There are 2 protein chains.
Amino acid sequence: MRFAPLSLSLPVCLCLSLSCASLLQRDVGSHGSSFAHRSELRQAKRIVVKLGSAVVTRGDECGLALGRLASIVEQVAMLQNQGREMMIVTSGAVAFGKQRLRHEILLSQSVRQALHSGHNQLKDMSLPVLEARACAAAGQSGLMALYEAMFTQYSTCTAQVLVTNLDFHDDEKRQNLNSTLQELLRMNIVPIINTNDAVVPPPEPNSDLQGVNVISIKDNDSLAARLAVEMKADLLIALSDVEGLYDSPPGTDDAKFIDIFYPGDQQSITYGTKSRVGIGGMEAKVKAALWALQGGTSVVIANGTNPKVTGHVITDIVEGKKVGTFFSEIKPAGPTVEQQTEMSRNSGRTLASLHPDQRSEIICHLAELLTERQEEILAANKMDMDLAVNAGHLPPAMLNRLSLSPAKLNSLAIGLRQISVAAQDSVGRVLRRTRVAHNLELEQVTVPIGVLLVIFEARPDCLPQVSALAIASGNALLLKGGKEAANTNHVLHKLTQEALSMHGVKEAVQLVSTREEVEDLCRLDKMIDLIVPRGSSQLVRDIQRAAKGIPVLGHSEGICHVYVDANASIDKVLKIVRDSKCDYPAACNAMETLLIHRDILRTPLFDQIIDMLRGLVILFFFSFLKKKSFPSEAKSLRTEYGDLECCMEVVDSMQEAVDHIHKYGSSHTDVIITENEDTAEQFLQQLDSACVFWNASSRFADGYRFGLGAEVGISTARIHARGPVGLEGLLTTKWVLRGDGHTVADFSEHGTMKYLHENQPVGQPLAGQRDSN
Amino acid sequence: MRFAPLSLSLPVCLCLSLSCASLLQRDVGSHGSSFAHRSELRQAKRIVVKLGSAVVTRGDECGLALGRLASIVEQVAMLQNQGREMMIVTSGAVAFGKQRLRHEILLSQSVRQALHSGHNQLKDMSLPVLEARACAAAGQSGLMALYEAMFTQYSTCTAQVLVTNLDFHDDEKRQNLNSTLQELLRMNIVPIINTNDAVVPPPEPNSDLQGVNVISIKDNDSLAARLAVEMKADLLIALSDVEGLYDSPPGTDDAKFIDIFYPGDQQSITYGTKSRVGIGGMEAKVKAALWALQGGTSVVIANGTNPKVTGHVITDIVEGKKVGTFFSEIKPAGPTVEQQTEMSRNSGRTLASLHPDQRSEIICHLAELLTERQEEILAANKMDMDLAVNAGHLPPAMLNRLSLSPAKLNSLAIGLRQISVAAQDSVGRVLRRTRVAHNLELEQVTVPIGVLLVIFEARPDCLPQVSALAIASGNALLLKGGKEAANTNHVLHKLTQEALSMHGVKEAVQLVSTREEVEDLCRLDKMIDLIVPRGSSQLVRDIQRAAKGIPVLGHSEGICHVYVDANASIDKVLKIVRDSKCDYPAACNAMETLLIHRDILRTPLFDQIIDMLRGLVILFFFSFLKKKSFPSEAKSLRTEYGDLECCMEVVDSMQEAVDHIHKYGSSHTDVIITENEDTAEQFLQQLDSACVFWNASSRFADGYRFGLGAEVGISTARIHARGPVGLEGLLTTKWVLRGDGHTVADFSEHGTMKYLHENQPVGQPLAGQRDSN
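In what follows, the accompanying structure is described. As the structure is a computational prediction, the values presented were derived from the model and not from experiment. (Residues numbered from 1 in each chain as written. Chains lettered and ligands numbered in written order. Predicted model: local features only at pLDDT ≥ 70, side-chain atom pairs only at ≥ 80, totals over all residues. Heavy atoms only, no water.)

Before going further, it helps to spend a moment on the pairing of strand β16 (residues 530-534) of chain B. Residue and element names in this part refer to chain B. For β16, a buried count of five out of five residues is recorded, marking the element as mostly surrounded by other parts of the structure. Covered by surrounding structure in β16 are L530, V532 and R534 together with I531 and P533, the residues of both alternating faces. Pairing between strand β13 (residues 451-456) and β16: five bridges, direction parallel. Looking at the pairing, L453 lines up with I531 of β16. (Buried < 20%, exposed > 50% of the residue type's maximum accessible area, 1.4 Å probe, protein only. Helix = DSSP H or I, 4+ residues; strand = E, 2+ residues; numbered from the N terminus. Pairing = 2+ DSSP bridges.)

For these two chains of identical sequence, chain B goes onto chain A by a turn of 180 degrees and a shift of 0.0 Å along the axis, with RMSD 0.1 Å. Such a turn and shift between the copies fits a two-fold axis. Judged by C-alpha distance, H720 of chain B is the residue of chain B that lies nearest the rotation axis, at 1.8 Å. (Least-squares fit on C-alpha atoms with pLDDT ≥ 70 in both.)

The next point concerns unusual backbone geometry. Residues apart from glycine generally show negative phi values, whereas peptide bonds are mostly found in trans. With a phi close to 55 degrees, S155 of chain A is a non-glycine residue in the positive phi region. Residue S155 of chain A is classed as buried on the basis of its relative accessible area, which comes to 16%.

Another point: the interface of chain B and chain A. With 105 residues of chain B at the contact, the number on the chain A side is 106 residues. Between chain B and chain A, the buried area comes to about 9,300 Å², and carbon and sulfur atoms account for 52% of it. One can count twelve salt bridges joining chain B with chain A. Residues R738 of chain B and E681 of chain A are paired through a salt bridge, measuring 2.8 Å at the closest nitrogen-oxygen approach. Linking chain B to chain A there are 59 residue pairs in polar contact (both at pLDDT 80 or more). Broken down by class, the residue content of the side of chain B that touches chain A amounts to 43 nonpolar, 33 polar and 29 charged. (Contact = heavy atoms within 4.5 Å. Buried area = accessible area lost by both parts, 1.4 Å probe. Salt bridge = Lys/Arg side-chain N within 4 Å of Asp/Glu carboxyl O. Polar contact = N/O pair within 3.5 Å; in protein donor to acceptor, adjacent residues only side chain to side chain. Nonpolar A, V, L, I, M, F, W, Y, C, P; charged D, E, K, R; others polar.)

Think of a sheet as strands paired side by side through backbone hydrogen bonds, with each pair either parallel or antiparallel. Strands sit in the order β19(A)-β20(A)-β18(A)-β17(A)-β21(A)-β22(A)-β25(B)-β12(B)-β11(B)-β26(B) across an open sheet of ten strands; the sheet is mixed. Each end of this open sheet is capped by a strand with a single partner; those strands are β19 (618-621) of chain A together with β26 (758-760) of chain B. Direction aside, the axes of adjacent strands within the sheet are offset by 25 degrees on average. Sheet analysis places strand β12 (residues 440-448) of chain B next to strand β25 (residues 731-742) of chain B, joined by eight bridges and oriented antiparallel. The partner of V447 of chain B across the bridge, within β25 of chain B, is T732 of chain B. (Axes fitted to C-alpha atoms, helices over the stretch in contact; angles between N-to-C directions.)

Take a look at the structure:
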């Protein structure tokens, strides 16, 4: 008797032994329903991990993939030690047995030659054909010994459970199995379950059923599903060598990975051509998964063979990360983030094609809504504030950032009106116009970058600001805000979409659910063109690390220097140093290290600086100074204090100051204070930072103070935008060439045309108007 | 007796039992010397892999890190099966024994309570204090069983060898050990060597020697070194939990990783403060490594615990990749690539500070040298050509690209002179000038990006071209050329440095050794600011994949479309389609897919297009067309044929063409052919590609044809530069602010100053001249 296929009402081309109707008797859904969202998987208590043969065995199928198996054991043991109840459905006995039998046979055949020739004859010999059931029997004990040895390393006990489908067929047997497993779980033992292959019928050669026999030994999808439902498991993790489910065969032009699969969507899937033994293929996996889902067990199908993730694929799934395909019965109300991105890109394209005045109008309307609908906004904000205060975990500074007031909304509206002015001259500006040849005109035109992802923390006023910047630059926008401001963000986003609706581009700005993990968003490299993090430098660092292949506009650190030259004016030094450090010490453009020319040490200025700073900040010293018995020694010259603390160091010359900054700085903003113009110009020229200042506070490094209007952020990247970034940072260009049947061949040696390459005045007209010469 | 420390003439604070002078007797260097370069490690036949206890055990030291161990076994078995002779020096018996004894003791104490309470009491209990030697004895058998079970999976036999230092002390014993190991290796068996801890003296409590006793059990550095030399191994791989060697304690401001360590450099290393049992620390490792090196064995110290690389750390090392610290006795003549980068950055900063005329002069001089020193260049090129022809593996097209001629050199020189003109107006150009306030003036000035890495293949003429572009833009440059052109590149680089010398910036352009792996260069993200690959799209793709955190300027694919609208002119269609596909089919701007408006199918134009194309190219069809019994069906609409092949598809409207291109294109260059200006402008506006053309061949997408002068490349990235990139693509900007003691506080509500933000004319003067208002 073979292990019976599952009971589903789908067209079942694979159900070869469906005659056993009694198999269908099971208590579907009797223990509540499966989880609706990945984030809930963290609550899963009882988990079945199914290891397909592709996971357990090496590529050549002649032995076990030990490294993979060991790290899976490690994860299972870890989850078990967290108090979860783990069960493993394993393949691998056949592979283990094959390896063992082959080894035995070969050794007995040729042990002496092999040992005396000194060559590895074993591997040159052809593999004898071995019967799978014999292999399974020979391998099972070794496989279990290996599992036991591995789990012992984590102080975890295991138990072997071999089953046939008779054990499910017969109610009494099923209850016996059930109570045995319950007892094992109760004793904190991990049951390792496999089919009892030794007692299944032999494969029938040259028969259509041959494949099935192979499967009954190799494929454990249905066994795992059956067990999971029988044992009322919360989660079934089915690991094999595929990433999960695609809507068409992977590799074809349009194949899209399915992150969450809803049973109702099944029609939309095209399976690939099945091989003869295709019962172990994706369709069978999906069938088993749906069966388990119907029985109340959540299912994730994932790849257990990818070396990059094997070491944490199971724990990632249990932590709710986007790994593999998650099967869910409950379709969430809103669109997925992928659908949102698609919607915003499409609507964004229309936004980009509007007249600048129209984009400007949208922003003005949003500004109006901020004041007109104040009450609604403030009510939502109050809800967030109340929640935060009751939860009691937000520090006062954060509460302050979270809270909105009529005054804050008013100044927000004023800012938005400024952006609406800037919007008049952003998209579609002609930067360069060249007459390439007679009737061949080239223009370089500003265009939006595409889809922006802006991630911000607890400050809800970011939302309309960022939205206005995106609208002004014609970009589609995905917003991901902090959980704390969920209610406020929801209202502000609704108002933004209301404003966008006036020109039919409502969907261009999307608010991503707070459930979405930032890390997962940063992986959408085919859908998102630029990430702008707005928040702490920790946030920026995390995002820079997580963003795979998507540029990030921002800076993760600001280690700004002020260098006081030998010829500095006392007044300017005291004024600028104080402003640079103390005006707003948490800002990225605040001074972190003060460099002093050695000549100053012997002057009254030095004491004045020390006196002033000592009254304001905690000072740290380095090298020369630390010998002078100043109390606090700086641990590093690369520290960003972000507080009323600052490091002080002595240098011998302007050149040494430059070298110091190149070595320890972050290329953000650096200042020289001197009355010597030559020294100053040398400093400004040589220093390789985004902002270099002479006799001015480092705090001027800011888009508003620079007069850029709206500020997107400050970038310390070396390409694209650098320093304070205005709207231009959200624009790129495209080249528009208008010809009259021109070919490159026309310009070849024997061609009829010549390149003119005449630069034309750029003027004001927008793209879309043709020169008629 | 403890395992004795090694014999070195260094100040040996660790040699506690150096009395055994006979230990020093060994035949140093008797079997030739160690390898000079990592790339030679591929030839290593006999390899000792030493697994430190940090590698073998888990963080809590209470069990083995099975996943790690298994993947190490996998790698060792693989190398053994390649015909190498592998030996393992292992730790881990103590950990295995600890785990086992603890388990036994706890079980015997409380098995009943644990089993019946259902809770995992085992893990809650405190670990009994176990004696290390007892643990080692108890663990050794289990450890070996595990190794054997694992290696069996790869058909590899193992043998246990336990040694004490008596076995090295006594000549006869040493020879016995030696011949046993030789015999094992001859029989293709992997010896697994450990210290026979059960027979070493017990640790003396509260003695300064306690640490040493711990080490004699735990630390196998010296054992591995001793064995490697005794067995005349070619390579010793010492794996522990550190990346390798740093020149100062890791984590300090200036700590630099040492890629290759030369014994002569030892003075330059500062070791961290040693813990009491620090004998197992880095200094001991280095001592052991130097001892092995002196004995003729190459050594690599690397991290065997990094989950990202554990699966291939050993094979990577044997493949010559930059993993860990490589110990070499022979210091290569030239600087390391890190030193080259440093030199070029420093010299590049001087280059950037030259007057534009001076940069221009350097380029002109290089142009002169290309013609003046023609014979030298052509002689070197002939050597390369002869080598390539003799090797016989280069296809004719590649040979053609490799070869230089007086004509090629002449046109190169002409190109360089054009770049020298462009150099006049690149660095130091003021893009924006703002009067922020009275006496507070802001400028945005163009500056070089920093250090460029340009990777090119067999075309040596790339070298002077790229050098000229870097010089013109004031950038430092690392050049990595193909091996085939090594001699030519060498001469061309020499001439480039000669030209650079005229203004003292010789080192700004560096030629990287052909031995350096591109992949390793792409990891220097702290040193290189931009990578420009010049070559096949495969090269670009490889580099985009390898570049970690460094932006890559280029495009990996060019899937360009020509859309023939319903209102297209027959003449223009035939001309443009032919030119777009056939002018140079391998180019990235050649047409790959021809989109036809459905209305054309019924017109003679369609037949004319088909007739023309059939004579020139192989046509593939999709959807509607494939039903019309055209023979070849395209597999994918995303194929870049790069040859006289092209795909054809029917669309119902201009809008559908745009959607098709957005879905399947690569945003490179796309063309519409139509006589309807409205349709054309809609297409140009809506299509989101770097280049969008109307009635002109896609082949115009090129820096020279666009009139940009020198071309850096074509970029399909969305930020920084897009489409054909001229010199500007190698520039960024910095903000220069000149004040007179201005602080931000002056501009606060109660301050004395007001922002003016007046835009000033940009004019021509370079940065460095101050307005005096």
